[in-house]
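Residue-level structure breakdown
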Amino acid sequence: LLLPPLGKANALNAAVLRAVHPILVFADARQRFAPDAIRRLVAHFRDPRVGAVSGELVLDCEEAAQEGVGSTSAASTIGDGVGAYWKYEKWLRRHEAAAGSMVGVTGAIYAMRRYLWECLPTDTLLDDVLGPMRLVMRGYRVTFESGARAFDETAPDASHELRRKMRTLAGNFQLLAQEPRVLIPGTNPVWLQFMSHKVGR
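Residues numbered from 1 in each chain as written. Predicted model: local features only at pLDDT ≥ 70, side-chain atom pairs only at ≥ 80, totals over all residues. Heavy atoms only, no water.

A word on the nonpolar core
- Membership of the largest hydrophobic core comes to 28 residues, with the highest contact counts inside it found for Phe26, Met112, Trp117, Met133 and Val142.
- Sorting the residues of this core by element identifies α1 (8-18), β1 (23-27), β4 (109-113), α5 (127-137) and β5 (141-152) as the ones contributing at least two each.
- By residue number, the principal contributor to this core is α5, which donates six residues.
- Setting aside anything within four residues of it in sequence, one finds Trp117 in contact with Leu12, Asn13, Val16, Leu24, Phe26 and Met112.
- By size, the runner-up hydrophobic cluster in this structure holds 17 residues, among which are Val53, Leu59, Trp86 and Phe151. (Core = buried A, V, L, I, M, F, W, Y, C linked by side-chain atoms within 4.5 Å. Buried < 20%, exposed > 50% of the residue type's maximum accessible area, 1.4 Å probe, protein only. Helix = DSSP H or I, 4+ residues; strand = E, 2+ residues; numbered from the N terminus. Contact = heavy atoms within 4.5 Å.)

Structure below.
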């Protein structure tokens, strides 16, 4: 699609309006998928309660650490710290999914039922949290598939990572304005996870 530069949310809305198949798969521009990633994502939709499935984003610093060669390199001065943080984040997501539903998904690799899509406000910063939380509020599960993997590079330095984290935190505040009912116990089925994972942060 050839679209004017009006932001990611507008691009997603336009693309979904033209989609024809029952499952949407979302990716960012930079990452590459494992060959079996989409098959592993869509397998979860056999369960009618599942509205969306997140895959796992694997950073190059994690792979280097697993191989025992050290996670920092000339490409990134912060690989060790980012790798440790991201492992903790994925641990949280796995346990949220096991307890019922995740709070958000990994924007670089996830799938959703097309008929459950709701158009995003044009200024949305965190489409990968707003969309899934809307599903959870409607009674659907958002789950995690660690075998559906996408691969990416670590931010090159602390300033790049700081900008990314500031955008994420700003998006969390924006989410509270867009969907204030997520703060209401009982209305939000994953209220405890949301308060701990998003508000507490």
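Focus: a nonpolar patch on the surface
- A cluster of nonpolar side chains, Val25, Ile38 and Val42, forms an exposed patch at the surface whose accessible area comes to about 200 Å².
- Mapped onto the elements, Ile38 comes out in helix α2 (residues 37-42).
- On the basis of relative accessibility, which here comes to 42%, the residue Ile38 falls in the partly exposed class. (Patch = residues over 30% accessible without salt bridge, like charges linked within 9 Å, V, L, I, M, F, W, Y side chains within 5 Å. Areas by Shrake-Rupley, 256 points an atom, 1.4 Å probe, with all protein chains shown as cover. Salt bridge = Lys/Arg side-chain N within 4 Å of Asp/Glu carboxyl O.)

Regarding the sheet that holds β1
- Taken together, five strands build an open sheet; the order of strands is β1-β4-β3-β5-β2 and the sheet is mixed. Edge positions in the sheet fall to β1 and β2 (32-33), since each of these pairs with one other strand and no more.
- Two elements, strand β3 (residues 50-59) and β4, share three bridges in a ladder whose sense is antiparallel. Bridging from a neighbouring strand, Val53 pairs with Ala111 of β4.
- Here α5 sits on the sheet in contact with β3, β4 and β5, set at roughly 35° to β4. (Pairing = 2+ DSSP bridges. Axes fitted to C-alpha atoms, helices over the stretch in contact; angles between N-to-C directions.)

Focus on the confidence of the model for the chain
- Taken as a whole, the chain shows an average pLDDT of 86; of its residues, 89% reach a score of 70 or greater.
- Contacts for the low-pLDDT stretch residues 69-74, under 50 throughout, to residues beyond four places or in other chains number 10 contacts. (pLDDT = per-residue confidence, 0-100.)

A look at the side chain of Lys198
- Mapped onto the elements, Lys198 comes out in helix α7 (residues 191-199).
- Beyond its immediate stretch of four places on either side in the chain, Lys198 contacts Val103, Val129, Asn172 and Gln193.

Brief notes about the side chain of Thr106
- Note on placement: Thr106 falls in the loop between α4 (79-99) and β4.
- Within the local environment of Thr106, its side chain forms a polar contact with the side chain of Arg93, the two groups lying 2.6 Å apart.
- Every residue in contact with Thr106, bar those within four places of it in the chain, is listed here: Ser54, Gly55, Leu57, Trp86, Arg93 and Asp128. (Polar contact = N/O pair within 3.5 Å; in protein donor to acceptor, adjacent residues only side chain to side chain.)

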